[in-house]
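# Observations on chain architecture
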Amino acid sequence: MAKRRRKKGKATKVSGRKAASLPRIGHPEELLWAIEQRFAAVGEDGLPDGELSAFLADLEESVDDLEILPNTPVDEAQKIIYPYLLEKDSVARVEAAQRALQVCPDCADAYVVLGEEAQSDDEKLRLFQLGVQAGERALGQEKFERDKGRFWSVVRTRPYMRARIHLARELEIVGRPDEAMVHYMDMLELDHEDHLGARFRLLRLFIVTDKDREAWGLLKTYDEESCAFVYAKPLLRFRQRGDSVIARKELREAIDYNFLVPLFLFGAGEEDFPKWFPEELLVDMEEAEEYVEEFLPCWAQTPGALEWLAQTATPEFRRLASDTPVALLRRAPRPGE
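Worth saying up front: this structure is predicted, and the values here are computed from it rather than measured. (Residues numbered from 1 in each chain as written. Predicted model: local features only at pLDDT ≥ 70, side-chain atom pairs only at ≥ 80, totals over all residues. Heavy atoms only, no water.)

### Re the overall build of the protein
The condition that has to hold: A run of H or I in DSSP counts as a helix once it spans at least four residues, and a run of E counts as a strand once it spans at least two, with each numbered from the N terminus. Think of it in three bands: with a 1.4 Å probe and only protein chains considered, a residue is buried below 20% of the maximum accessible area for its type, exposed above 50%, and partly exposed in between. Throughout, a contact is declared for two residues whenever any of their heavy atoms are within 4.5 Å. Areas reported as accessible are Shrake-Rupley estimates using a 1.4 Å probe. Residue values count occlusion only from the protein chains shown.
Looking only at helices and strands, the protein features 17 helices and 0 strands. Taken across its 337 residues, the protein has 50% of its residues classed as buried. A separation of at least 24 residues holds for 66% of the contacts in the protein among residues at least 6 apart in sequence. Accessible surface computed for the protein: about 17,600 Å², of which carbon and sulfur atoms make up 50%.

### A word on the packing of aromatic side chains
Our working definition: Stacked, edge-to-face and tilted labels apply to pairs of Phe, Tyr and Trp rings (six-membered ring for Trp) whose centres lie within 6.5 Å, assigned for plane angles under 30 degrees, over 60, and everything in between, in that order.
The full count for this structure, using the stated rule, is 8 aromatic pairs. When the centroid spacing of 5.2 Å and the interplanar angle of 45° are considered together, the rings of Phe144 and Phe151 count as tilted. The two residues Phe144 and Phe151 agree in class, both being buried. With 4.9 Å between their ring centres and 25° between their planes, Phe238 and Trp308 make a pair best called stacked. On the criterion of sequence distance, the pair formed by Phe238 in helix H12 (residues 227-241) and Trp308 in helix H16 (residues 305-319) is long-range, its members being 70 residues apart.

### Observations regarding the environment of Arg199
This is how it is decided: Whenever a nitrogen or oxygen atom comes within 3.5 Å of another N or O atom, the pair is scored as a polar contact, on the condition that within protein one atom can donate a hydrogen and the other can accept it, and that pairs from neighbouring residues in sequence are kept only if both atoms are in side chains.
As for its placement among the helices and strands, Arg199 is situated in helix H10 (residues 198-208). A relative accessible area of 5% means that Arg199 is categorised as buried. Here the side chain of Arg199 touches Glu224 through a polar contact of 3.0 Å, side chain to side chain.

### Quick notes on the nonpolar core
To keep things clear, this is the line we draw: Among the buried residues, those of types Ala, Val, Leu, Ile, Met, Phe, Trp, Tyr and Cys that are joined through side-chain atoms within 4.5 Å form a nonpolar core.
Formed by 70 residues in total, the largest nonpolar core has its most connected members in Leu203, Tyr231, Tyr291 and Trp299. A total of 9 residues in this core trace back to one element, the largest contributor, which is H12. Tyr291 has contacts with Cys227, Ala228, Tyr231, Val261, Leu296 and Trp299, leaving out every residue within four places of it along the chain. The next biggest cluster of nonpolar side chains, apart from the first, holds 25 residues, and it includes Ala97, Cys107, Val113 and Leu127.

### A closer look at H10
With 10 of its 11 residues buried, H10 lies for the most part within the structure. Buried within H10 are the following residues: Ala198, Arg199, Phe200, Arg201, Leu202, Leu203, Arg204, Leu205, Phe206 and Ile207. Asp210 lies just past H10 and shows a positive phi near 60°.

### Considerations on the packing of helix H8 (residues 158-173) against helix H9 (residues 177-190)
For clarity, the cut-off: Helix axes are fitted only over the stretch in contact, all axes being lines through C-alpha atoms; the angle between N-to-C directions runs from 0 to 180 degrees. Here roughly perpendicular refers to angles of 65 to 115 degrees, roughly parallel to angles under 35, roughly antiparallel to angles over 145, and oblique to all remaining angles. Crossing handedness follows the turn of the near helix against the far one: under a right angle anticlockwise gives a left-handed crossing, and clockwise gives a right-handed one. Only Asp, Glu, Lys and Arg are considered charged in this grouping, and only Ala, Val, Leu, Ile, Met, Phe, Trp, Tyr, Cys and Pro are considered nonpolar; every other residue, Gly among them, is considered polar.
Where H8 contacts H9, the two axes come as close as 7 Å, and the packing angle between them is 155°. Viewed along their axes, H8 and H9 adopt a mutual orientation that is roughly antiparallel. Crossing angle aside, the handedness with which H8 passes H9 is left-handed. In contact with Tyr160, Met161, Arg164, Ile165, Leu167, Ala168, Arg169, Leu171 and Glu172 of H8, H9 contributes Pro177, Glu179, Ala180, His183, Tyr184, Asp186, Met187 and Leu190. Along the lines of polarity and charge, the residues of the contact of H8 with H9 split into 11 nonpolar, 1 polar and 5 charged.

### Some remarks on the side chain of Gln37
Tracing the backbone shows Gln37 in helix H1 (residues 29-42). Residue class for Gln37 comes out buried when judged on its relative accessible area of 7%. Excluding residues that lie within four positions of it along the chain, Gln37 makes contacts with Glu67, Ile68, Leu69, Asn71, Asp75 and Arg156.

### Side note on the side chain of Glu172
Its location among the elements puts Glu172 in helix H8. One polar contact links Glu172 to Arg201, side chain to side chain, over a distance of 3.2 Å. When sequence neighbours within four positions are dropped, the list of residues in contact with Glu172 reads Ala180, Tyr184, Arg201, Arg204 and Leu205.

### Points about the pattern of salt bridges
A side chain of one charge can pair with a side chain of the opposite charge if their charged atoms are brought near each other. We count it as follows: Basic side-chain nitrogens of Lys or Arg form a salt bridge, by our definition, when they fall within 4 Å of a carboxyl oxygen of Asp or Glu.
Enumeration according to the criterion identifies 28 salt bridges in this entry. The salt bridge partner of Arg93 is Glu117, with a shortest N-O separation of 2.6 Å. On the criterion of sequence distance, the pair formed by Arg93 in helix H4 (residues 90-103) and Glu117 in helix H5 (residues 108-117) is long-range, its members being 24 residues apart. Both residues of the pair, Arg93 and Glu117, count as buried. The residue Arg146 makes a salt bridge to Glu142 at a minimum N-O spacing of 3.5 Å.

In structure tokens form, the structure reads like this:
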């Protein structure tokens, strides 16, 4: 297969990024919380140059031994819950969350853990809502105003942001997309760099709820190279103009970025690829699978979109001098089969 070249990102409102999946929720972050505490203790006026150098040297020397100081109930509760955010033992997680809430009812991460372990959607929704409320109390209105736009860079905001994205996801699950979109949009206002990937969830919801104008606006704000964004352009263009020259051009660019997406959209899987599949394309395979898992409904709900994709993608694969994708696409199941 001919080697594919990836385009350089354009200048945008948000600096260029190579998009990734939603980050793991878990923690080396405990160290960042502890470091942030030490800087907070210095005060807003900072230190003279000589003292600052000594402070940074001491901090670097002791970094391996830093722990969260129990300065406030929130700090103390966060120290309890941090080790359990990635713990697999459900019983231990629930016990730790309950202990943290006994210390401080404003521990948003404790509600996140309880919500993740809850057995029903109603209970998950209730707990994640409580987590958002707890995070709001812990941060206070002043922090929302002062740090708006850079929330994730302030470590103390992260439990709140985790609770809020969990709440938004759960609202999607229970069939309340309009409410979920409000949360995702608010999160983008709070964290312009979008460290939790709210833009991907929002883009999908815009498309499946026929808010195409809003989807185009999001694409312009976060002009990036990712499966979600490069494949949204030809899909939205097809919805707008049908089989047009510009829709084909944008599909060609999307296939150049990741040619595996059409194959997975039509049911191909890892087992369809030969064992000698190039290792450098494994990242593309993972991103394509994740994209299809989230965005297949966008294509399936657009009349004629999957049929157009199949017809248009085949010659593009030939252009890439790749016989394997063409064969896979030909034998992939079509909608309704």
